[in-house]
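Overview (structure and organization)
Letter by letter, the chains look like this.
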Amino acid sequence: MPMLDLISSTGVAPNDVEPALFDAAVNQDIDALHLPNDADLSDYLDALPRVKSIFVDFPAFTDGRGFSLARLLRHRHGYEGLLVADGQLIPDQFAFALQCGFDAVRVKRSERERHTAEAWQAALDAFDVTYQRGYAVKAGPATSIFDARLTAAEANKTTDPFSA
Amino acid sequence: MYRYDEFDAEFVNARVAQFRDQVERRLDGRLSEAEFRPLRLMNGLYLQLHAYMLRVAVPYGTLRSEQLRMLAHLADKYDKGYGHVTTRQNMQFNWPVLGDVPDMLADLASVEMHAIQTSGNCIRNVTCDPYAGAAADEIEDPRPLAELLRQWSMLHPEFSFLPRKFKIAVTGAPTHDRAMVRAHDIGIEVVRGPSGEVGYHIIVGGGLGRTPIIGETLRAFCPKDELLPYLDATMRVYNRFGRRDNKYKARIKILVRETGIEEFRFLVDEEFKALDASDIMVSQAERDRIAAYFAPPEYASDIKALDLEAQPEAFRKWVETNVHTHVQPGYAIVNISLKDPERAPGDITAEQMRAVADLADKHSFGEIRTTHQQNMVLAHVRQDELRAVWDGLVAAQLEDANINLIGDIICCPGMDFCALATARSIPVAQKIAERFNDHARQQAIGEMQIKISGCINACGHHHVGHIGILGLEKAGVEFYQVTLGGDATQTARVGDRTGKGLSEAELIDGIERIVDRYMDVREGNERFLDTYQRLGAETFKEALYADA
Ligand code: SF4
């Protein structure tokens, strides 16, 4: 197994967890679940409360299915455990991953190093704003432009007699 | 026209900086070519036969004069002095150097422009009826909707790595579709609902390419505030279930066809019901804010009637073919033909761009449109200034009077530029234009849309041309396949294949025989398309192959 690193907005940590394939017959806690990106989530719903972390497979960085799975797990199914985008991601997708609901990405150490630490960090700082309202991460890479406009409009409506 | 606020400006500037960084990382090797490719494509940068090509977004085909002047500047400074209007209303530059591209993007950002999502497997630049806001037949100006879609789709975190490219077109005039909404992944028509309220008819799964399919109704009436959540639901179904095993089967049209429209609609509806719409939808106040930018200009009321009789014949002909009715009395919509037979269809020089920008400033509220037919439009011209506009166009050699006539050919770049081409397309367009150069003859033939693609990818929309031409190749020899009876409007239809391919010389003669046959058999004011529908393919096939 190659050396793997988990990259989140707070930093990098080695991570060699081997997420397990789902077995519906075994009714016990799951520490780390491997989720293929063509998974039918309805098979997993009963087990979700018992899952501590989910590693969504990214077999190629051009395959964006995992982004939709993260969105569904977080927003529709209320999953609150650790959510990791696992596989072939590049820094330029890091912010997207967090916006869709991932806590971190996990890539081969050699890949992380090839892209350099600066590139991973810069990816998070690239945009302070995003147009997609529901994908804004308050503490993270982007606030919603639509919400920011609303706030600015409200601020303009101030009743302060000194602001003309 | 829409103006960026501080947030739009911040976003686009951040995008320029990001791309500069990506180019640096590519040049120093941190990004492999495989990794860089989708990133540069998402910024409109292609690698073509001879060089890079930068495709600049012209959102819904609308430009301010200073933006067109900036495009002229780019053409002069980074290209060979001209640009090319594409069938998706964008402007392409065929000769930039990679290292210059970040500077080009910075120049564009200074006039609120960008090249974001003009290619790649993401939601592409949204296209629109070029007569939007000026047409007498529209229910509502579709540009505020198009602008909202531009913003919603910009660097979408979930939908930037789709199975394949995704094209959206909108029109406010469902009775006269000038935006080809049925030939797009999603087409949106502004319509009236049961109680007269304005909403959207959503069409899905249209597209040309190898497998031409006319789109079907996904939702007959979508209330305005539900649009973004409903599109999110549609995109999610596509992102999850669209095929990724075969690039030629990855468009949403194949998913819709393989799933069946009923089942596809069911999947979207389930998704739509389950998602939190309030999370995605945009407030009425925000929609009003955007719409305010597209309020009608301040029309004058002191316009003198135009005495055509007193005008030169060339001007009268131009008025007849290139000028279209405007919703406001006294005004007119002016089409500027970029179909000079000497040039590639859609090409425009930097000098001509400046001339058009000046005319727009003087006569059309400083605004210009590009069209999917690869022409330009001045949308709001006083009728008593039409002569001045024409004089300006004559001086700039842009006075071709051939809009919607046989000389107004849509054509992809083909073998002259495109790495995927199997045959040349531009020279064929030029030869046809030359053959029918006589204006009186063009006028007599009437409305006729010839569309040419240089390979099966169909960027020249040949499937929906009244006469469609597809360039192919076998054992190093180019040949051309003809389709007849295609239609790109609200009565959209894929043309019928005629039979075996023809050499270029046979093709030009064959087209002329088809046209002559039509002239012989047409009744009254029938367009070619009407005659074709009345008589069927046989007689025209016979004419096409009469020599073979
Ligand atoms: S139709 Fe083919 S040749 Fe023409 S631009 Fe498209 S890919 Fe290139």
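Right above here is the structure, for reference.
Reading guide: rules and limits
Residues numbered from 1 in each chain as written. Chains lettered and ligands numbered in written order. Predicted model: local features only at pLDDT ≥ 70, side-chain atom pairs only at ≥ 80, totals over all residues. Heavy atoms only, no water. Patch = residues over 30% accessible without salt bridge, like charges linked within 9 Å, V, L, I, M, F, W, Y side chains within 5 Å. Areas by Shrake-Rupley, 256 points an atom, 1.4 Å probe, with all protein chains shown as cover. Salt bridge = Lys/Arg side-chain N within 4 Å of Asp/Glu carboxyl O. Lys, Arg positive; Asp, Glu negative; His and termini not counted. Charge placed at Lys NZ, Arg CZ, Asp CG, Glu CD. Helix = DSSP H or I, 4+ residues; strand = E, 2+ residues; numbered from the N terminus. Buried < 20%, exposed > 50% of the residue type's maximum accessible area, 1.4 Å probe, protein only. Contact = heavy atoms within 4.5 Å. Buried area = accessible area lost by both parts, 1.4 Å probe. Polar contact = N/O pair within 3.5 Å; in protein donor to acceptor, adjacent residues only side chain to side chain. Nonpolar A, V, L, I, M, F, W, Y, C, P; charged D, E, K, R; others polar.

Some thoughts on a negative patch on the surface
A contiguous patch of negative charge, built from Asp-125 and Asp-128 of chain A together with Glu-6 and Glu-10 of chain B, is present on the exposed surface. Tracing the backbone shows Glu-10 of chain B in helix α1 (residues 6–27). The exposure class of Glu-10 of chain B is partly exposed, given its relative accessible area of 33%.

Digging into the pattern of salt bridges
The final tally for this structure, using the stated rule, is 68 salt bridges over all chains. For Asp-92 of chain A, the salt bridge is made with Arg-25 of chain B, and the minimal N-O distance between the two is 2.8 Å. You can see Asp-92 of chain A sitting in the loop between β5 (82–87) and α2 (94–100) and its partner Arg-25 of chain B sitting in helix α1, one on each of two chains. Grouping residues by exposure puts Asp-92 of chain A and Arg-25 of chain B together as buried. Residues Arg-178 of chain B and Asp-137 of chain B are paired through a salt bridge, measuring 2.9 Å at the closest nitrogen-oxygen approach. Linking Arg-178 of chain B in the loop between β7 (168–171) and β8 (186–192) with Asp-137 of chain B in the loop between β6 (127–128) and α5 (143–153), this pair joins segments that are 41 residues apart in sequence. By relative accessible area, which is 15% here, Arg-178 of chain B ends up buried. Note on Asp-137 of chain B: relative accessible area 22%, which makes it partly exposed.

Points about the interface of chain B and chain A
Between chain B and chain A, the residue contacts involve 48 residues of the former and 40 residues of the latter. Carbon and sulfur atoms supply 57% of the area that chain B and chain A bury against each other, a total of about 3,800 Å² over both sides. For the pair chain B and chain A, the interface holds 8 salt bridges. The residue Asp-8 of chain B makes a salt bridge to Arg-149 of chain A at a minimum N-O spacing of 3.0 Å. For the interface between chain B and chain A, the tally reads 30 residue pairs in polar contact (both at pLDDT 80 or more). Where the side of chain B that touches chain A is concerned, the elements lending two or more residues are α1, α2 (33–41), α5, α6 (227–241), α8 (261–274), α9 (277–280) and α10 (284–292) of chain B. With 9 residues, the single largest contributor to the side of chain B that touches chain A is α1 of chain B. A per-class count over the side of chain B that touches chain A returns 20 nonpolar, 10 polar and 18 charged.

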